[in-house]
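Summary of the model geometry
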Amino acid sequence: MSTSPLLSIIVPVYNVENYLCQCLDSLLAQNLSDYEIILVDDGSTDNSGTICDQYAALHSVFQCVHKPNGGLPSARKYGFEASRGQYVTFVDSDDWVSSDMYCRMCQAIHDTQADVVVCDYIAAMPDREEVCTTPFSTGFYDKARLEREVYPFMLYSGVFYKYGLAPSLCNKIFRRKLLCRHLLHVPNDVVVGEDAMASYSCLLEADSIFILKEAFYYYRSNASSVSHQAMPSRRLQDNHKLFQTLHDVIDTTAYPCMERQLDYYFVYQCLLTYPPVFRNMTASPAVQKQIFCEECDFPLLQKAFAHIPVKEITGIHNKLYALCIRYRLFGAFRFFLQH
């Protein structure tokens, strides 16, 4: 292995003992020699840390570091600081990858010197698997082609709601300098949208990317619908942090096409969040109304819901929720939650 390997794979680990070996075995099976794997035990309280130590003792490609629990963004940053690769990627420790994933993606680096390589991924649910693909063609995209074909549809493809390029860091390989600039600004306490905060600013700064329309990454997905899971009220504040950070780090002056895409993204995230949050809320109706109206008045959301045509939003309930948010109709919103 060279002093600086071509690729560093960073795996944040926290309490995933039931899935971790499948993940690590898939990384060990890569048809690639010039890589390292950084395991970051983020204060696990189960056997995950011990499993990491065992793999590191048996296989020189693994390096294990331990840290107090600090959340996913802090674990990714910790692993990044410990890594040496010219390119860097991430794997969630309950996911797994196909054996030729990094061989194929690194071949694209050798062939094109692209700053970022992107592949498709597979949502692996208990009863089925679903390939999640990009609408863009396989191939090399220089800056001019990115500005013409990719950036105008990157965050919102034109169909509610489908990404042009999904925000995940895990189906992408990044030239190291991009993450030096854009991974470290992600707040350590964020619990939603942490991938989007780093990936889209990296993609906008990249001089070139290579898109590989083959699915190599297996994302372990919960089959139950997000809209029917309870969410705590703090998710509203987490949304605000996500929206404000994206607004701050994405240069809409240089890339005006991103302004409207951010509006679509903000609306989408709110429509995912508000129904389970307000269904689970135990505060009095008066307090709930106050919280709802404060959400409606949050400047980035007020702008987004005013600008996005309701007819473009899919699902009758989503359309009704959007109208209620736009016009601050809490009574109607509560009614539609129950029917």
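The shown structure was predicted, so the numbers you read here are calculated from the model rather than taken from an experiment. (Residues numbered from 1 in each chain as written. Predicted model: local features only at pLDDT ≥ 70, side-chain atom pairs only at ≥ 80, totals over all residues. Heavy atoms only, no water.)

1. Overview of the pairing of strand 10 (residues 208-220)
- Pairing between strand 5 (residues 96-97) and strand 10: two bridges, direction antiparallel. Across the sheet, residue Trp96 finds its bridge partner in strand 10, namely Tyr218.
- Sheet topology places strand 6 (residues 116-125) next to strand 10; nine bridges connect them, and they run parallel. If you follow Val116 over to strand 10, its bridge partner there is Ile209.
- Direction of pairing for strand 8 (residues 139-142) relative to strand 10: antiparallel, over a ladder of four bridges. For Asp142, the partnering residue across the bridge sits in strand 10 and is Ser208. (Pairing = 2+ DSSP bridges. Helix = DSSP H or I, 4+ residues; strand = E, 2+ residues; numbered from the N terminus.)

2. Observations regarding the packing of helix 7 (residues 194-205) against helix 8 (residues 234-249)
- Their axes nearest at 10 Å, the elements helix 7 and helix 8 cross at an angle of 15°. Here helix 7 lies roughly parallel to helix 8, going by the angle between them. Between helix 7 and helix 8 lies a crossing whose hand is right-handed. Note on element contacts: helix 8 touches helix 7 through Lys241, Leu242, Thr245, Leu246 and Val249, opposite Ala196, Met197 and Ser201.
- A breakdown of the residues in the contact of helix 7 with helix 8 according to their chemical character gives five nonpolar, two polar and one charged. (Axes fitted to C-alpha atoms, helices over the stretch in contact; angles between N-to-C directions. Parallel < 35°, antiparallel > 145°, perpendicular 65-115°, else oblique. Left-handed = near helix turned anticlockwise from the far one by under 90°. Contact = heavy atoms within 4.5 Å. Nonpolar A, V, L, I, M, F, W, Y, C, P; charged D, E, K, R; others polar.)

3. What about the pairing of strand 3 (residues 62-67)?
- The pairing of strand 2 (residues 35-42) with strand 3 spans six bridges and is classified as parallel. Across the sheet, Asp41 pairs through a bridge with His66, a residue of strand 3.
- Following the backbone out of strand 2, through helix 2 (residues 48-58) and into the adjacent parallel strand 3, one traces a crossover that is right-handed. (Right-handed = clockwise from strand over helix to strand, strands pointing away.)

4. Focus: helix 11 (residues 299-307)
- Taken together, the buried positions of helix 11 are Leu300, Leu301, Ala304 and Phe305. End-on, the buried residues of helix 11 take up no more than an arc of 120°, which puts them together on one face.
- For helix 11, the secondary structure elements touched by its buried residues are helix 8, helix 9 (257-280), helix 10 (285-297) and helix 12 (316-327). (Buried < 20%, exposed > 50% of the residue type's maximum accessible area, 1.4 Å probe, protein only. Arc of directions from axis to C-beta.)

5. Some words on helix 4 (residues 101-112)
- The first and last C-alpha atoms of helix 4 sit 17 Å apart over 12 residues, in line with the 16 Å expected at 1.5 Å per residue.
- Every buried residue belonging to helix 4 is among Met101, Tyr102, Met105, Cys106, Ala108 and Ile109, and all of these are buried. All buried residues of helix 4 fall inside an arc of 145° around its axis, so they share one side. Turned more than 90 degrees away from the buried face of helix 4, the exposed residues are His110 and Asp111.
- Of the residues one or two after helix 4, Gln113 is the one with positive phi, at around 60°. (Expected span 1.5 Å × (residues − 1).)

6. Regarding the environment of Gly139
- Looking at where Gly139 falls in the secondary structure, it is placed in strand 8.
- Taking the relative accessible area as the measure of exposure, Gly139 reaches 11% and is therefore buried.
- Distance in space between the C-alpha atoms of Gly139 and Lys172 is 14 Å, their sequence separation being 33 residues.
- Setting aside its immediate chain neighbours within four residues, Gly139 contacts Ile209, Phe210 and Ile211.

7. Focus on the side chain of Ser93
- Secondary-structure assignment places Ser93 in the loop between strand 4 (87-90) and strand 5.
- In terms of polar contacts, Ser93 uses its side chain to reach the backbone carbonyl oxygen of Pro12, at 3.1 Å.
- If we skip the residues at most four places from it in the chain, Ser93 touches Val11, Pro12, Val13, Tyr14, Val16, Tyr19, Leu20 and Cys23. (Polar contact = N/O pair within 3.5 Å; in protein donor to acceptor, adjacent residues only side chain to side chain.)

8. What to know about the packing of aromatic side chains
- Evaluated as defined, the whole model comprises 20 aromatic pairs.
- A ring pair is formed by Phe278 and Phe292, whose centres lie 5.9 Å apart and whose planes are at 75°; its orientation type is edge-to-face. One end of the pair, Phe278, is in helix 9; the other, Phe292, is in helix 10, and 14 residues separate them in sequence. The residues Phe278 and Phe292 share a single accessibility class, namely buried.
- Consider the rings of Phe292 and Phe330, whose centres lie 5.5 Å apart with planes at 50°: the pair is tilted. Placement of the pair is Phe292 in helix 10 and Phe330 in helix 13 (residues 330-337), with a sequence separation of 38 residues.
- The class for Phe330 is buried, based on a relative accessible area of 7%. (Phe/Tyr/Trp six-rings, centres within 6.5 Å; stacked < 30°, edge-to-face > 60°.)

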